[in-house]
Amino acid sequence: MKRFLERFYIAIIFIFLYAPIVMLMVLSFNNSRTRAKWGGFTTGWYRALFQNQAIMEALYNTLFIAIVSSVIATIIGTITCIALSNMKSHSRTVLLGINNIPMLNADIVTGISLMLLFISFGFRFGMHTILLAHITFNIPYVILNVMPKFRQLNPNTYEAALDLGASPVYAFFKVIFPDILPGILSGFLMAFTMSLDDFVITHFTKGAGVDTLSTKIYTEVRKGIKPEMYALSTIIFATVFVLLLFINLAPAKKEKQIISKEKRHTLPQKAVAFAVISILVISTLIYSNLSKDKEGGQVIVYNWGEYLDPEALKIFQEETGIEVIYDEYETNENMYPKIESGAAEYDIVCPSDYMIQKMIEKDLLAQIDFSNIPNIKNIDSNYMEQSKEFDPDNKYSVPYCVGTVGILYNKSMVTESIDSWDVLWDKQYADNILMQDSVRDAFMVALKKLGYSMNSTNEKELEEAKEALIEQKPLTQAYVVDQVRDKMIGNEAAIGVIYSGEAIYSQRENENLEYVIPKEGTNVWIDSWCILKNAPNKENAEKFINFLCRPDIALMNFEYITYSTPNAEARKLIEDEDIRNSQIAFPDLSQYNNLETYQYLGEDADYIYNELWKEIKSK
Amino acid sequence: MANKLIDLLGITKSYNNNIVLDDFNLYIRENEFLTLLGPSGCGKTTTLRIIGGFEQPDSGKVMLDGRDITNVPPNKRQLNTVFQKYALFTHMTIAENIAFGLKLKNKSKTYIDDKIKYALKLVNLDGYGNRKPDSLSGGQQQRIAIARAIVNEPKILLLDEPLGALDLKLRQDMQYELIRLKNELGITFIYVTHDQEEALTMSDTIVVMNQGYIQQIGTPEDIYNEPQNAFVADFIGDSNLIDAVMIEDRLVSFLNAKWNCVDENFGVNKPVDVVIRPEDVVLCKPEDGTISGEVTHVIFKGVHYEMEVMAGNFEWLVHSTLMHPVGEKVGITVDPFNIQIMNKPESEDEEVAYIEE
């Protein structure tokens, strides 16, 4: 019995540890885009993964950075260990202590401080800054692994080699190196794994157009992570798992090898040296090749993750000869500091409405010369009008993706027809209501229900909205973001607040779902292209925006992103009649009252919103 | 007499303001087996490492064959070292270990192979060439370390407590082995040890060191029989060390008794130290002794009995093949020839050295 309990306990622990990974692996073979449904077994995501150029490039970057940074860190770390081992014991202890601090330091601190350092030295962010950062954080791990090997060395061994006539360098490579090689290898593998694994530091030190797998995955957060990424994550897990096996088995193997015959030691030594040199040479060649300038100049684009068809980029490059350097962000709030700090140079960004207003106020955007963008005529005038809420004279922005926020409900669970936010306060749907877990979206619902502006800064109105939300909270099942879609598809809730883009997708997966824009009005969100004030390639940026406004290109992007396009001409080209006429994707804005777009309310109002939001969440 | 091969001139060396060697002078003749003997921290290993080139003296010169080699790095010196912990190259075979120095000298393959064979034979480890150091016993490893050094035909072989890590039996075997090697090879050995028995067994010349100073240089017999000061007497073998006053030539007084001795020219009524080896103490009937006392302790040591006798308010250490039981009253006499008279330490440094021991 006791034995059973022991095993049971261990089994539970391992289930906790590995259940998420097993889940991931299972989903990577799931023949359905949503994780709520099992659509049969497929290896399609793995195939799709290897055909996805953006992901493969990120994979290449990840490996390049991991290999080069860990090789360089290994060399530097080993040399440091030589110096350390010759130091007096006191200073060595102090230095090793200092060496250990960066490993315990939070990644975010390391990342931000490196970013600040690079900015203050006037570095332009790019592959090299990531490399420098990775080398920096890898060195301590190498030292941690190599130093014990030096301590195990018989101090006389090196002297014995000198004594027999060896020069110091010869003595090191012939006598010391073979003895510390296991430490160097495990240090290298550890550094490699750390580099492969890193997100936070890379995020803060990367530049335009350079993505590693982790940053690439993160940019997809807004639109939901694609199943290809499950496949990729599975592969990464397997790789790291194998590497760790190697690290742990390497010493045991080494001991066995001692029995084996002569000359063994010279082989790995030469092989390692050769491998190191060839990796460095090849990597530099490829890297320098990648960063080669194209004739037509370039344009540096900073966009949401998964927010542009890569095929469109290719067409643009072919037609104009302009090289597109493409970088992605995951939220407006992540994008803003990078732009504001001036650390990275970009030409175009694609912020959302309220962020555009903020960037105009902070004088970060350039006025667009619309004579260079004749295709602006294709954009639905309703959206140009709506844009005036944040860009009063239509001078700074060109609408790219639009949508509404509304109620998604399951017809099999809700029999009445819904047309008002009030339904979210209806007790019969208690525990079946999903709210958006974001301060502005939550307040929008309450403010609209109460008949106020969703951009209200009136404290009395906000207080009322807060009370309404607190009153509603017991009825809600959860405040969530991504899961609204999946839970609704899986029939786990009856009513949810959702973005229209997600609604179209959900409807495709579950035909019982219906989307409605409440009669009290709602948020019309608009993501628009803007040119930055300090854009180095303003002319190319305008060409790029004009290109994106071309109906065929806008159609391509609509099909890729699936969020509504404000491009009226593109809409006409949609072949599928259902979609072309979809009231969810292309609502006639003139039919609705009280449609608004988020505005930047200023820091004071932000503070009030957040304080009230905290009160609600803590209830 | 052979000429001076190594000549250390005014060597001073300190670590962290701690003086290890102070104006140290010593020469070593060709074909000599010289041992630096002393307690740990006496500077003997530092002396050896300075000769080997692993340490630089703060001042002073190291001369080899009349040439100044003070600034020559170890890999350019025509000497080889055998280290305390063998320091074999564990990832190489025995043969590769031995060939290491020869390969660096670009010797031909046949020459190297011959040398390996010769060296392995010399240290009685024929046929071990393809083994790894780890598979050998401590004594075998040490012999390989010696083989590795001597194939280079050094002018001098430096040995840093090479037998320190071996057990007693093996150590004694290796002592004979080293003497044999030295005689066969005809090269100069400089040997460092803190084991006085090892030093007495193997050396032509012993240098007794303490606190960075030479206490006495001499043949093993000199050092044992005629220690020049209390430190040497105490350090080399067991001894009875007694405060005494030289009354006149050939008469010394200690423990309230007058003793005949053979020493002269110490002056009159001069305080001195007297050393008497335990095997030179003769026990007799109480009434026949110069002084008398009582046996307080007996241990059987195999070859002899070790006894402690309380006589004249001094605890005598006595070695004898005849046993006297505890409690027996005995007298003590010493042959005048076996009473060794030594001057009291004069300089302050010597004093310090003596007290700390």
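Please read all numbers here as calculations on a predicted model, not as lab measurements.

This brings us to the overall build of chain B. On a plain count of helices and strands, chain B comes out with nine helices and 20 strands. Scored against the burial criterion, the 357 residues of chain B give a buried share of 54%. The long-range fraction of contacts in chain B, counting pairs at least 24 apart against all pairs at least 6 apart in sequence, stands at 66%. A total of about 16400 Å² of accessible surface is found on chain B, and carbon and sulfur atoms cover 47% of it.

Turning our attention to the pairing of strand S17 (residues 305–311) of chain B. All names here are of chain B. For strand S16 (residues 291–300) and S17, the ladder comprises seven bridges, and the chain directions are antiparallel. Looking across to S17, one finds that His297 is bridged to Glu308. Counted between consecutive antiparallel strands, the loop separating S16 from S17 contains four residues, among which Gly302 sits at a positive phi close to 100°. Pairing of S17 with strand S18 (residues 314–320) involves seven bridges; the strand directions are antiparallel. Its bridge partner lying in S18, Tyr305 is registered against Ser320. Where S17 folds back on S18, the antiparallel hairpin that results is connected by two residues, among which Gly312 adopts a positive phi of roughly 60°.

Here the focus is the packing of aromatic side chains. Across all of its chains, the model carries 36 aromatic pairs over all chains by this definition. Ring centres 5.7 Å apart and planes at 40° place the aromatic pair Phe33 of chain B and Tyr191 of chain B in the tilted group. Here Phe33 of chain B, found in strand S3 (residues 33–37), pairs with Tyr191 of chain B, found in strand S8 (residues 188–193); they are 158 residues apart in sequence, far enough to count as distant. Owing to a relative accessible area of 0%, Tyr191 of chain B belongs among the buried residues under this scheme. Over the face of the ring belonging to Tyr609 of chain A we find Arg440 of chain A, whose NZ or CZ atom lies 5.4 Å from the ring centre. It is Arg277 of chain B that lies over the ring of Tyr224 of chain B; its NZ or CZ is 4.1 Å from the centre.

This brings us to the interface of chain A and chain B. With 25 residues of chain A at the interface, the matching set in chain B holds 28 residues. Here chain A meets chain B over a buried area of about 2200 Å², counting both sides, of which 57% is carbon and sulfur. Put simply, chain A and chain B have one salt bridge between them. For Glu159 of chain A, the salt bridge identified is with Arg49 of chain B, shortest N-O distance 2.5 Å. Applying the counting criterion to the chain A and chain B interface returns eight residue pairs in polar contact (both at pLDDT 80 or more).

Membership of the largest hydrophobic core comes to 101 residues, with the highest contact counts inside it found for Met359, Leu424, Phe443 and Ile495 of chain A. Formed by 35 residues, the second largest nonpolar core is a distinct cluster that contains Ala119, Leu136, Ala145 and Met174 of chain B.

Moving on, we get to the sheet that holds strand S12 (residues 251–254) of chain B. Residues and elements named next belong to chain B. Taking strand neighbours across the sheet as the criterion, the five strands line up as S13-S12-S11-S14-S20 in an open arrangement whose pairing is antiparallel. Edge positions in the open sheet fall to strand S13 (257–260) and strand S20 (340–343), since each of these has one partner strand only. Each adjacent strand pair in this sheet contributes to an overall mean axis angle of 45°, direction not counted. Across four bridges, S12 lies against S13 in antiparallel orientation. Note on S13: the bridge partner recorded for Phe254 is Ala257.

What follows covers the layout of surface pockets. Residues and elements named next belong to chain A. If you add up the space inside the second largest pocket, you get close to 1000 Å³. Elements that contribute at least two residues to the lining of the second largest pocket include exactly helix H14 (332–341), helix H15 (353–361), helix H17 (439–450), helix H19 (483–489), strand S8 (495–499) and helix H25 (603–618). In terms of residue count, H15 provides more of the lining of the second largest pocket than any other element does, four residues in total. Of the residues belonging to the lining of the second largest pocket, the class tally is 15 nonpolar, seven polar and twelve charged.

A few words on the sheet that holds strand S19 (residues 329–334) of chain B. Residue and element names in this part refer to chain B. As summarised here, the arrangement of the five strands in space is S15-S19-S16-S17-S18, forming an open sheet in which the pairing is antiparallel. The open sheet terminates on both sides in strands that have one partner only, identified here as strand S15 (281–284) and S18. Ignoring which end each strand starts from, the neighbouring axes of this sheet average 45° apart. In this sheet, S19 lies alongside S15 in antiparallel orientation, the contact comprising four bridges. Bridging across to S19, Val282 finds its partner in Thr333.

So, about the confidence of the model for chain B. All names here are of chain B. Looking at chain B as a whole, its pLDDT mean stands at 88, while 96% of the residues score no less than 70. With pLDDT under 50 throughout, residues 348–357 is counted as low confidence; its partners more than four residues away or in other chains account for 15 contacts. ipTM for the predicted complex: 0.80, alongside a pTM of 0.65.

How each quantity is defined
- Residues numbered from 1 in each chain as written.
- Chains lettered and ligands numbered in written order.
- Predicted model: local features only at pLDDT ≥ 70, side-chain atom pairs only at ≥ 80, totals over all residues.
- Heavy atoms only, no water.
- Helix = DSSP H or I, 4+ residues; strand = E, 2+ residues; numbered from the N terminus.
- Buried < 20%, exposed > 50% of the residue type's maximum accessible area, 1.4 Å probe, protein only.
- Contact = heavy atoms within 4.5 Å.
- Areas by Shrake-Rupley, 256 points an atom, 1.4 Å probe, with all protein chains shown as cover.
- Pairing = 2+ DSSP bridges.
- Phe/Tyr/Trp six-rings, centres within 6.5 Å; stacked < 30°, edge-to-face > 60°.
- Lys NZ or Arg CZ within 6 Å of the ring centre and 35° of its normal.
- Buried area = accessible area lost by both parts, 1.4 Å probe.
- Salt bridge = Lys/Arg side-chain N within 4 Å of Asp/Glu carboxyl O.
- Polar contact = N/O pair within 3.5 Å; in protein donor to acceptor, adjacent residues only side chain to side chain.
- Core = buried A, V, L, I, M, F, W, Y, C linked by side-chain atoms within 4.5 Å.
- Axes fitted to C-alpha atoms, helices over the stretch in contact; angles between N-to-C directions.
- 1 Å grid on protein atoms, 1.4 Å probe; cavity = no way out; pocket = protein on both sides within 12 Å on 5 of 7 lines; lining within 4 Å.
- Points joined across faces, edges and corners; volume = space filled by probe spheres on them.
- Nonpolar A, V, L, I, M, F, W, Y, C, P; charged D, E, K, R; others polar.
- pLDDT = per-residue confidence, 0-100.

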